[in-house]
Amino acid sequence: MSWKSLALYGLLSAVAVAFDQWIKFLVETELFMHDQINILPFLALYRTYNTGVAFSMFSSIGDKGLILLSLAVVAFVLYLAFRTGPGQVLARIGFALIIGGAIGNLIDRTVYGHVIDYILFHTPVWSFAIFNLADAFITVGAGLVLIDEFFSWRRMKSAPPSSD
């Protein structure tokens, strides 16, 4: 990966972190804890804290364990990102979003001992886990990586066999 592209994807990660932290600051200063504010019939703001990872998994390993786990995930994603080819733009954008989201949640965990969550999808009889913008960046980033892999697989499958 060239320094120019590294800087571009690094900037995308930094913007993701900054936007995530700004929104979380607004949530912390403007939204009462456990007070549901309906935006749409299926979407609400609802401030809460997550002491684990997705769906509160691994909360039993404690803050230091989760911080180490988060750092390991960021390192692994960086390793994967550096192994992508120049034509894998979707994957590189995806990896940048994953890293930005992971760092955003890592900052929360390091500073507060929990992650600030505030987005709630729901119906009158069902609700999805409460999450945040960093989680959305991670999910969208993973989706972009999968889409890029699918297109790469399709290109390789349709390419004529080499005559070595």
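Look above for the structure.
We now turn to the structure provided with this report. (Residues numbered from 1 in each chain as written. Predicted model: local features only at pLDDT ≥ 70, side-chain atom pairs only at ≥ 80, totals over all residues. Heavy atoms only, no water.)

**Some words on the overall build of the protein**
Piece 1. Secondary structure assignment for the protein yields four helices and three strands.
Piece 2. The proportion of buried residues among the 164 residues of the protein is 37%.
Piece 3. Taking as baseline every contact in the protein between residues at least 6 positions apart, the subset at least 24 positions apart corresponds to 64%.
Piece 4. Carbon and sulfur atoms provide 72% of the accessible area of the protein, an area that totals close to 10200 Å². (Helix = DSSP H or I, 4+ residues; strand = E, 2+ residues; numbered from the N terminus. Buried < 20%, exposed > 50% of the residue type's maximum accessible area, 1.4 Å probe, protein only. Contact = heavy atoms within 4.5 Å. Areas by Shrake-Rupley, 256 points an atom, 1.4 Å probe, with all protein chains shown as cover.)

**Looking at the environment of alanine 44**
Piece 1. Structurally, alanine 44 is set in strand β2 (residues 43-50).
Piece 2. If near-sequence neighbours (up to four positions away) are discounted, alanine 44 is found in contact with Gln36, Ile37, Asn38, Ile39, Tyr118, Ile119, Leu120 and His122.

**Overview of the nonpolar core**
Piece 1. Core analysis: the largest hydrophobic core is formed by 13 residues, its most contacted members being Ile23, Val27, Tyr118, Ile119, Leu133 and Phe137.
Piece 2. Listed by contribution, the elements that provide at least two residues to this core are α1 (3-30), β3 (115-121) and α4 (133-158).
Piece 3. Filtering out sequence-adjacent residues up to four positions away, isoleucine 23 remains in contact with Tyr118 and Leu133.
Piece 4. Val77, Ala81, Ala91 and Val145 belong to the second-largest nonpolar core, a separate cluster that totals nine residues. (Core = buried A, V, L, I, M, F, W, Y, C linked by side-chain atoms within 4.5 Å.)

**Looking at the sheet that holds β2**
Piece 1. The strand order β1-β2-β3 describes an open sheet built from three strands, whose pairing is antiparallel. Only two strands of the sheet have a single partner each, and these edge strands are β1 (37-40) and β3. Taking the axes of each pair of neighbouring strands and ignoring which way they run, one obtains an average angle of 35° across the sheet.
Piece 2. Pairing geometry for β2 and β3, over six bridges, is antiparallel. Bridging across to β3, threonine 48 finds its partner in aspartate 117.
Piece 3. Contacts from helix α3 (residues 89-112) reach β2 and β3 within the one sheet, and its direction differs from that of β3 by about 130°. (Pairing = 2+ DSSP bridges. Axes fitted to C-alpha atoms, helices over the stretch in contact; angles between N-to-C directions.)

**Concerning the pattern of salt bridges**
Piece 1. One pass over the full model with this rule turns up three salt bridges.
Piece 2. Ionic pairing is found between lysine 24 and aspartate 20, a salt bridge with its closest N-O pair at 3.0 Å. Remark: aspartate 20 and lysine 24 occur in helix α1; sequence separation between them is four residues, near one turn of the helix. Like aspartate 20, lysine 24 is buried.
Piece 3. A single salt-bridge network, built from bridges that share partners, covers Asp20, Lys24 and Asp108. (Salt bridge = Lys/Arg side-chain N within 4 Å of Asp/Glu carboxyl O.)

**Describing α3**
Residues lying three or four places apart along an α-helix face the same way, a consequence of the helix completing one turn every 3.6 residues.
Piece 1. An ideal rise of 1.5 Å per residue puts 34 Å on 24 residues; α3 measures up with 34 Å between its terminal C-alpha atoms.
Piece 2. Count one or two residues on from α3 and you reach glycine 113, which has phi positive near 85°. (Expected span 1.5 Å × (residues − 1).)

**Overview of unusual backbone geometry**
Piece 1. With a phi close to 60°, histidine 34 is a non-glycine residue in the positive phi region.
Piece 2. Relative to the assigned elements, histidine 34 resides in the loop between α1 and β1.
Piece 3. Histidine 34 sits in the partly exposed class, given a relative accessible area of 46%.

**As for the side chain of aspartate 117**
Piece 1. With respect to the helices, strands and loops of the structure, aspartate 117 is situated in strand β3.
Piece 2. No salt bridge is formed by the buried aspartate 117; its nearest oppositely charged neighbour, lysine 24, is found at 6.3 Å.
Piece 3. Once residues within four sequence positions are removed from consideration, aspartate 117 is found in contact with Tyr46, Arg47, Thr48, Asn50, Ile130, Phe131, Asn132 and Asp135. (Lys, Arg positive; Asp, Glu negative; His and termini not counted.)

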